[in-house]
Amino acid sequence: MEFEEIQKRIKQITENPIRMIPDETMVKIRKEIEKKCPKSKDLYDEMKTCIPGGYEHQMVINDPFPLTMTRAQGSKMWDVDSNEYTDWLSGAGAVILGHNYAPLREKIIEVLQDVDPALYYTNEWELKAIKQIKKHVPSIELFKFYQSGTEADMAAIRIARVYTKKKKIIKIGGAYHGWSDQLTYDMHVPFSGDMESHGIPSSCFKDTIAVPPNDLKKLEETFKQFEKKKGIAAVILEPLGPESGNIPVAPDFNKGVQELCEKYGVLLIFDEVVTGFRMDMGGAQKYFGIKPDLTTFGKLLTHGHPSAGGLGGREEIMTYIASGIEAQKERVIATGTLLGNPLTAAATYWTMKYLEKENAIEKAAKTGNVLTAKLNDLFERHDVPYFAYNFKSVVQYKTYAAINMDIRIPGNIQQALQRNQAVGRIATAMLSQHKITKRGATAFTTLAHSPEDIEDFIQSFDAVLKMIPN
Ligand SMILES: Cc1ncc(COP(=O)(O)O)c(C=O)c1O
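Residues numbered from 1 in each chain as written. Predicted model: local features only at pLDDT ≥ 70, side-chain atom pairs only at ≥ 80, totals over all residues.

## A word on the site of the ligand
Our working rule: In this entry, near means the residue's backbone-placed C-beta atom lies within 6 Å of the molecule or strand. Going along the chain from the N terminus, every DSSP run of H or I of four or more residues is numbered as a helix, and every run of E of two or more is numbered as a strand. Ten residue types, Ala, Val, Leu, Ile, Met, Phe, Trp, Tyr, Cys and Pro, are classed as nonpolar, four, Asp, Glu, Lys and Arg, as charged, and the remainder, Gly among them, as polar.
Among the 15 residues in the neighbourhood of the ligand, the closest are listed as Ser 148, Gly 149, Thr 150, Gly 178 and Val 273. Among the elements that take part in the shell around the ligand, helix α7 (residues 149-164) stands out by supplying three residues, more than any other. The residue makeup of the shell around the ligand, split by class, is five nonpolar, seven polar and three charged.

So this is what it looks like as structure tokens:
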């Protein structure tokens, strides 16, 4: 779907009244889940005595309670009560070969039989993995492993400041770059500023600037504004747009940012934690024809094996991050006990090998296209303003568009929260139909999702749409 069409449809949704699954229906759905999942419910009560809130991950569906899973294989997951689910969350995007893809698992077991992850010393798997990354992503001259996407993004902005000797970092409003102090700002919803920055002194993000999505004019104004002051070190962005394209990127935006960065001597950081290696073996940068100065990775880098994080880019920038006491004076401290361990590095190497061998990116993209088309047919049949669009295997489907509300308009924060509740109800209703989604708004398709899985998803969504009054 074209960008303009997406914008038009979002406007239609946000101008429409909110019709959500009614309370009475939700009571029934919750009861049904409770009946099917008694062990999960008991475990949740116990989990609450060990884990704050009873579960760890933000994207877990927690209404009526988070399920405890025991197994994952291909496109399926099973809970402790032996219920089977089709998983469209795909490890929050960390999986594209399907869960527990046997050839990769076997290679990793082989490595573990040979070598302890706590080796600490350099191992040849690092070299093998990084050679693969360099082969596919030409902007990467040097690469360093980290332990998460959050860490990789932290290292990226730090090195950008040392290299440019400038302080300010620009992020795009609503984008997620992990939970570090300086990047937990204007997250999830544009113009939310420090709304989610609890526990972070405001001084931590005094050098973080959020520019609204797709606003090249504002970006250039900001570059000009700070040109003679401390200056802008870098722009960091999610190449599909904030929240993996839930706020979609305009077709000319990434190119425009690159041109402005070149004009004003600002570094460009591509956060490819979701897109590297989901959009292309060369990352979203290959897809958009961009050569960023720095790129961060996570998730799919290791196909979800620990620890998934990495930062790569131009040699003259990356050398500031070199380890060891002989490194340059201004070296950037950004290290970690487990980074580049043989498990992580081998997982990276073999993930890239199997992605290539299986043509996984294109096959998952094809599934993404089919799912998107079928969802749009379904929405049309139901005569609702909902719609779906996709960036290859990242499928976004908009029902209430909570994230797209302009929260600067009085009353819109409350509306966004209500819309968020309505989306949450769809997620729970889909869960009762044995479908796991990213909070009822995104699906990451994989090699393992079959045409039957797609049909089944559509049937479930059909049943859920029938619960919403006209
Ligand atoms: C674009 C992006 N950057 C960074 C991160 C943080 O990665 P991690 O969860 O590995 O710290 C995420 C996680 O969802 C992400 O989506």
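## Considerations on the domain arrangement of the protein
Where we set the bar: Note that the domain bounds were set by an automatic or database domain assignment. Contact between two residues is assigned when their C-beta atoms, built from the backbone, lie within 7 Å.
Annotation of the protein at the domain level lists domain 1 (3-99 + 359-465) and domain 2 (115-357). One C-alpha centre belongs to domain 1, the other to domain 2; they are set 27 Å apart. At the interface, 24 residues of domain 1 touch 27 residues of domain 2. It is helix α4 (residues 90-93) that contributes the most residues to the side of domain 1 that touches domain 2, three residues altogether.

## Considering the sheet that holds strand β3 (residues 84-87)
As a reminder of what qualifies: Strands are labelled as partners when DSSP assigns at least two bridges between them.
Across the sheet, four strands lie side by side as β1-β2-β3-β13; this open sheet has mixed pairing. Of all the strands in the sheet, the pair left with one neighbour each is β1 (69-73) and β13 (435-436). In this structure, β3 lies alongside β13, joined through two bridges in parallel fashion. Looking at β13, one finds that Thr 86 is bridged to Lys 435.

## Quick notes on the environment of Asn 376
Its location among the elements puts Asn 376 in helix α14 (residues 360-382). Along the backbone, Asn 376 and Ala 388 are 12 residues apart, and their C-alpha atoms lie at a distance of 5.9 Å. Apart from the residues within four sequence positions on either side, Asn 376 is in contact with Phe 387 and Ala 388.

## Some points on the environment of Asp 81
Topologically, Asp 81 is positioned in the loop between β2 (76-79) and β3. As a C-alpha pair, Asp 81 and Thr 70 span 11 residues in sequence and 9.1 Å in three-dimensional space.

## What about the nonpolar core?
Going by this rule: Each nonpolar core consists of buried Ala, Val, Leu, Ile, Met, Phe, Trp, Tyr and Cys residues. Their C-beta atoms, within 7 Å, join them into a set. Neighbour density around each residue's C-beta defines its exposure: 20 or more other C-beta atoms within 10 Å make it buried, 12 or fewer make it exposed, and counts between make it partly exposed, where C-beta atoms are placed from the backbone.
In terms of nonpolar packing, the biggest core is built from 127 residues, with Ile 96, Ala 156, Ala 160, Ala 234, Val 235, Leu 267 and Ile 269 touching the most fellow members. Summarising the domain contributions, this core has at least three residues from each of domain 1 (3-99 + 359-465) and domain 2 (115-357). Setting aside chain neighbours within four positions, we find Ala 160 in contact with Ala 233, Ala 234, Leu 267, Ile 269 and Leu 294.

## Digging into the packing of helix α8 (residues 216-227) against helix α10 (residues 253-264)
Where we set the bar: Lines fitted to C-alpha atoms define the axes, with helix axes restricted to the stretch in contact, and inter-axis angles between N-to-C directions lie between 0 and 180 degrees. Roughly parallel refers to an angle under 35 degrees, roughly antiparallel to one over 145, roughly perpendicular to one between 65 and 115, and oblique to any angle outside these ranges. For any helix crossing, the convention is left-handed if the near helix is rotated counterclockwise from the far helix by under a right angle, and right-handed if that rotation is clockwise.
Here α8 crosses α10 at 15°, and the two axes come no closer than 10 Å. One element, α8, and the other, α10, form an angle in the roughly parallel class. The way α8 lies across α10 gives a crossing that is right-handed. Touching Leu 216, Leu 219, Glu 220, Phe 223 and Glu 227 of α8 are Phe 253, Gly 256, Val 257, Leu 260 and Tyr 264, all from α10. In terms of residue class, the contact of α8 with α10 is made up of seven nonpolar, one polar and two charged.

## What to know about α7
Rules: The span you would expect from a helix comes to 1.5 Å times its residue count less one.
Over its 16 residues, α7 runs 22 Å from end to end, which matches the ideal 22 Å to within 8%, given 1.5 Å per residue. Burial runs high along α7: 14 of the 16 residues are buried. Residue Lys 165 follows α7 closely and has a positive phi angle near 60°.

## Comments concerning the sheet that holds strand β9 (residues 294-298)
The seven strands lie next to each other as β4-β10-β9-β8-β7-β5-β6, forming an open sheet whose pairing is mixed. Single-partner strands in this sheet number two, and they are β4 (142-146) and β6 (208-211). Pairs of neighbouring strands in the sheet enclose a mean axial angle of 20°, with direction left out of account. Judged from the four bridges that link them, strand β5 (residues 168-172) and strand β7 (residues 232-237) form a sheet pairing that is parallel. When the sheet's bridge partners are listed, Ile 169 is paired in β7 with Ala 234.

## Points about helix α1 (residues 3-15)
To keep it simple, the criterion reads: The reported arc concerns the directions from the helix axis to the C-beta atoms and nothing else.
Taking 1.5 Å per residue, 13 residues should reach 18 Å; α1 reaches 18 Å between its end C-alpha atoms and fits that length. What α1 keeps buried is the set Ile 6, Arg 9, Ile 13 and Thr 14. For α1, the buried positions fall inside an angular range of 135° around the axis, keeping them on one side. Turned more than 90 degrees from where α1 packs its buried face, Glu 4, Glu 5, Lys 8 and Glu 15 sit exposed. The inward-facing, buried residues of α1 abut β11 (387-391) and β12 (394-398).

## Focus on unusual backbone geometry
Each neighbour pair has its own omega, and for Asp 63 with Pro 64 the value is 5°, a cis peptide bond. Look at the link from Gly 276 to Phe 277: it is a cis peptide, with omega at 0°. Looking at the secondary structure, you find Phe 277 in the loop between β8 (267-271) and α11 (283-288). For Asp 383, which is not glycine, the phi torsion reads 55° and is therefore positive. Tracing the chain through its elements places Asp 383 in the loop between α14 and β11. Accessibility expressed as a C-beta count within 10 Å gives 7 for Asp 383, which makes it exposed. Backbone geometry at His 434 places phi at a positive 70°, although glycine is not the residue there. Looking at where His 434 falls in the secondary structure, it is placed in the loop between α15 (412-432) and β13. Judged by C-beta crowding, with 17 C-beta atoms within 10 Å, His 434 ranks as partly exposed.

## A look at the environment of Gly 309
Checked against the element boundaries, Gly 309 lands in strand β10 (residues 309-313). As for Gly 309 and Ile 426, which are separated by 117 residues in sequence, their C-alpha atoms are 32 Å apart. The residues touching Gly 309, leaving out its near neighbours within four places in the chain, are Phe 145, Tyr 146, Gln 147, Ser 148, Gly 149, Glu 151, Ala 152, Phe 297 and Gly 298.

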